[in-house]
Amino acid sequence: MTGIDTEAGPEYDAVVVGSGFAGSWAAKELTEAGVSTLVLEAGPARRAEEIPDRAASYTTAGRDTGATWPRQPVQSRHFHFGPRGPHLFVDDVEHAYETPPGMPYTWIRGMQVGGRSLIWGGSALRLSPYETRAGEADGCSPAWPIGYEELAGAYEAVEGLLGLRGTAEDLPQLPDSLFRGEPSALTPAESDFRRSYRRPGTRPVPVRFVPAEAGGGGWPGFTVQATALALAERTGRLVLRPHARVTSVTVDPVNGRATGLRWVDTTTAVRHHVRARVVLLCGGTIETARLMLNSRGPRHPQGLGNSSGLVGRGLMDHPLLTSEGVLPGYSPADARPWTGRQCGLLVPPPRPHGGDVRPFALWVSLQRRVRDGVVLGGIDAQGEMLPHRHNRVRLGSGRDRWGVPLPVIECGYGPHEERLYDAMRREIEPAASTAGLKDLCVADTLTPPGGNVHDLGTARMGASPADSVLDRDNRCWDAPNVFVADGSCFPSGGWQNPTLTIMAIAARAGRRAARLLRAGEC
């Protein structure tokens, strides 16, 4: 399926796989630098009116209806499935994957122009220097080849367009972003918690998020159609093709460099080949690993860029421990609506000082749900899953309708995550007491892997081709005109929601690819 291809077809300076958070930001940087760019998106295009209001109440927006979804048994588990609409989530039957017995993985997907930005909650947090140096400090994960200082400029470029809401707090473990507005208003219960909660080295801060107010063309502000993708299209150098399922990267068998992509039009079943000087893989952590493993050739017998054997390895999600309780003494009349909009408080972890688990944060939501006249609240903990080698994506024996092997996802928690559960519970319980939560119910287990929709790893960056897939600029060691700029490049996950970092890394990689093209190095 790979090799020098001589068939006639269009040629671009760059071709990008995927139009979500990563693909759109890479395309923006490429096109604004004068690069002719093709973006191939496996799913359909959407209209702005298909995206529901994120501020609508989730108590009446399609949740708990008792409906069953035989074609979307996995997708229907997601928090946003009913309120946002099943049309924004994939058909699990058509887009199947496999897991081993006893190792469930919840793979939530938004296969469409804009990707999962159309179902995004909007939480936007920077990594801190502690996360990028964590592997050096404790040896429990590979080191990041770039530091926070190098990411800071990319964060600023992205944040300048997103219009983040939040407050400057000057906490080293949660670097401040560029904020353009105030965060969501707190409930009385949350305000009381913010005043009374005490933990050395940290404090509650309002959740930081991208607002939903409509941008250009009526698109909600949290979608890439309102931000990066809109700017890329405005340059006139972008060609966007929906319904374009990429099946493999084509590679020169002599020098190992990519020559383009093979893709199929899913509406006509016609197969195509596109040639490009640079290829950027931005289709998502699991799909990117699948595509690289399926792109074999004389120079890449184990899959594209897989001389280290690490493509597909180190899959991660963010473990989540949830809790809920009753808030006596607070009036239902003062409760805020329970919506998909980011709200409430975040308690970042103190600065790391050793210990047997990586840091984790608390997410505090109080007085935002009322059930049978009773005010409820919850405190959840979100932490880090280590990039265990045995957690991986591999190719199975089954194939999809286009002949691409189905991904087999093998992912489970290890001893670190077991200790993490105990540590999280020890922090949730006193925090709940401070909040005044009664009849507290803490989940017996962490959410199953995948459930937090923060899939990361599988093609990590590093300092050496022996122990990583990509270099510090997201270039594939084995095929230097291939960039991988989605969540798969993360060497470790940190505790923060990763979307802002994915956009920043993709923008950085797009700028780097454009410079190399101008210099004639690609």
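Quick summary incoming for the structure in this document.

## Some words on the pattern of salt bridges
Consideration 1: Within the structure shown, the criterion is met by 35 salt bridges.
Consideration 2: One salt bridge in this structure joins R277 and D13, with 3.6 Å as the shortest N-O distance. Of this pair, R277 sits in strand β9 (residues 271-281) while D13 sits in strand β1 (residues 11-17), and the two are 264 residues apart along the sequence.
Consideration 3: What makes R277 partly exposed here is its relative accessible area of 29%.
Consideration 4: When the shortest N-O distance is used, the salt bridge between R369 and E324 registers 3.5 Å. Of the two residues, R369 sits in strand β13 (residues 361-371) while E324 sits in strand β11 (residues 323-326), which places them 45 residues apart along the sequence.
Consideration 5: One network of salt bridges, with partners in common, ties together E150, R472, D473, R508 and R512.

## Focus on the side chain of K28
Consideration 1: Mapped onto the elements of the fold, K28 is located in helix α1 (residues 21-32).
Consideration 2: A relative accessible area of 9% places K28 in the buried class.
Consideration 3: Apart from the residues within four sequence positions on either side, K28 is in contact with L161, A228, L231 and A232.

## A look at the packing of aromatic side chains
Consideration 1: In total, this model carries seven aromatic pairs according to the counting rule given.
Consideration 2: Between F21 and W120, the aromatic rings sit 5.0 Å apart at their centres with planes inclined by 75°, giving edge-to-face as the arrangement. Pair noted here: F21 is in helix α1 and W120 is in the loop between α2 (81-84) and α3 (129-132), with a separation of 99 residues, a long-range link.
Consideration 3: Here W120 falls in the buried class, since its relative accessible area comes to 9%.
Consideration 4: Ring centres of F193 and Y197 lie 5.0 Å apart, and the angle between their planes is 25°; on these two criteria the pair is classed as stacked. Of the two residues, F193 and Y197, neither departs from the other in class, the shared state being buried.
Consideration 5: Taken together, the aromatic side chains of W69, F81 and F89 make up a single cluster linked through ring pairs.
Consideration 6: Here R109 stacks its cationic end above the ring of W107, 3.8 Å away from the centre of that ring.

Procedures and definitions
- Residues numbered from 1 in each chain as written.
- Predicted model: local features only at pLDDT ≥ 70, side-chain atom pairs only at ≥ 80, totals over all residues.
- Heavy atoms only, no water.
- Salt bridge = Lys/Arg side-chain N within 4 Å of Asp/Glu carboxyl O.
- Helix = DSSP H or I, 4+ residues; strand = E, 2+ residues; numbered from the N terminus.
- Buried < 20%, exposed > 50% of the residue type's maximum accessible area, 1.4 Å probe, protein only.
- Contact = heavy atoms within 4.5 Å.
- Phe/Tyr/Trp six-rings, centres within 6.5 Å; stacked < 30°, edge-to-face > 60°.
- Lys NZ or Arg CZ within 6 Å of the ring centre and 35° of its normal.

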